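# Residue-level structural notes
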Amino acid sequence: MNRKKSFKLNEEMINKIISVAYGDAKLIDKFIVMRAAAQNPEIRETLYSYKKTAKEIEVLCEEEYPDDLLRNIIRKNIPASKNTISFLFDLYSTVFSRPIISAITTIVLITAIVTTLIVNKPAQISYHYSQAEINNADQQARKAFAIVGKFFKLTRTTLENEIMDERIAKPINDGIGIVNNLFEGETK
Amino acid sequence: MFEEQRYRFLIQQYKNKIYTYSLYMLKNRMDADDVTQEVMIRIWQNIDKFNILAAKTWIIKTTNNLCIDYLRRRTVAVNREFEIDEFFEDTYSKNHNSENPYLITHFKMIASKVKEAIQRLPENIRSVFILYEIEEMKYKEISKALDLPINSVKVYLLRARKKLQEELKKYEPQEII
């Protein structure tokens, strides 16, 4: 009974038909209208009629605004000085013309730098040596220190015996002897 | 300079929408040119004030208000019933690349018939119809642009579609004759 009622061409059915014809109906409404159209020739006729109109309207599109008028308007509205555009100036003004954009740019740059530093951080190498290697290294270090110590000792001996005595003390001694001789000669 | 870029972007994006809406509402090319120009000037004057994401609604609202002003002024002056199709010349031939003169003429006839019918719609339902069917705006956008509840937008659209159907039916007997 209910189904029969819904297939009558009443106001509610017309509204559904219109939605279906214009393609913005719900799925359930589409189903109802299709079933109704299959059973009721009047509904079918109405649906066809609305679909035809919808198709005719669908083809309509926006009108093109004449380019010459548009150019005139832009020329009038934008001051002449602003019509000279250079890429760098454009970029500069885009970035720095507004504090919010400058702030965002700064944040992006800082984030990029920090991220790069974090990502490219050199990996910490962990060394693992055996006890034998450590002992060996210890011995080698001792030997190296012993050699260095030997050199220091040799240097000290050379300084004390050869350089201090032979090269410094002896000439000073000779010099003082000569001075003494000279003084003695004068007093005589 | 940034303002200029925004302005150019907005104009490129919405010039045809403004123009089409004005044409359908005012039914006259000269007035539509004037309204489009006025809207573009207002966009430039307010370029700093509105959010670029909400620009569409702002622009359509401004266009609608200006069209209403023009229509009010005009009611006192001339009855332009006979100027109805003076501006819609080549929409169909532009959209259909057919070289068949018969088809072109046929499409033009249908176009003028439909456009005339749209223009005969009452002002309030016409605006909703144009924005939804031709400018392809959503209910929510239309609701914001025209300051109408969404349900009213839906009702107006339905009324417009019914009325349009009636208007187009009137043409059918003439075509047969």
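Residues numbered from 1 in each chain as written. Chains lettered and ligands numbered in written order. Predicted model: local features only at pLDDT ≥ 70, side-chain atom pairs only at ≥ 80, totals over all residues. Heavy atoms only, no water.

Each helix and strand counted, chain A has eight helices and zero strands in total. Taken from the N to the C terminus, the helices and strands of chain A come in the order α-α-α-α-α-α-α-α. Out of the 188 residues in chain A, the part that is buried amounts to 19%. Contacts spanning at least 24 positions in sequence make up 51% of the contacts within chain A whose residues lie at least 6 apart. Surface accessibility of chain A: about 15300 Å² in total, with carbon and sulfur atoms responsible for 62%. (Helix = DSSP H or I, 4+ residues; strand = E, 2+ residues; numbered from the N terminus. Buried < 20%, exposed > 50% of the residue type's maximum accessible area, 1.4 Å probe, protein only. Contact = heavy atoms within 4.5 Å. Areas by Shrake-Rupley, 256 points an atom, 1.4 Å probe, with all protein chains shown as cover.)

All names here are of chain B. Relative orientation of the contacting elements helix α1 (residues 2-26) and helix α6 (residues 123-134) amounts to 150°, with a least axis distance of 10 Å. Looking at the two axes, α1 sits roughly antiparallel to α6. Crossing of α1 against α6: the hand is right-handed. When α1 is examined against α6, the residues T20, Y21, Y24 and M25 are found in contact with a partner set consisting of E123, R126, S127, I130, L131 and I134. (Axes fitted to C-alpha atoms, helices over the stretch in contact; angles between N-to-C directions. Parallel < 35°, antiparallel > 145°, perpendicular 65-115°, else oblique. Left-handed = near helix turned anticlockwise from the far one by under 90°.)

Moving on to helix α7 (residues 139-146) of chain B. B:I142, B:S143, B:A145 and B:L146 are the residues of α7(B) that are buried. Positive backbone phi, approximately 55°, marks B:D147, located one or two places after α7(B).

What follows deals with helix α2 (residues 11-22) of chain A. Residue and element names in this part refer to chain A. The terminal C-alpha atoms of α2, which comprises twelve residues, lie 17 Å apart, in line with the 16 Å expected from a rise of 1.5 Å per residue. The buried fraction of α2 amounts to nine of the twelve residues, a majority that puts the element mostly inside the structure. Residue G23 follows α2 closely and has a positive phi angle near 80°. (Expected span 1.5 Å × (residues − 1).)

Residue and element names in this part refer to chain B. In total, this model carries three aromatic pairs over all chains according to the counting rule given. Summarising the aromatic geometry, the rings of Y132 and Y139 are spaced 5.0 Å apart at their centres and angled 15° between planes, so their arrangement reads as stacked. Take Y132: its relative accessible area is 17%, and that puts it in the buried class. Y139 gets classed as partly exposed once you look at its relative accessible area, which sits at 24%. Above the plane of the ring of Y70 lies R73, whose end atom (NZ or CZ) is 4.8 Å from the centre. (Phe/Tyr/Trp six-rings, centres within 6.5 Å; stacked < 30°, edge-to-face > 60°. Lys NZ or Arg CZ within 6 Å of the ring centre and 35° of its normal.)

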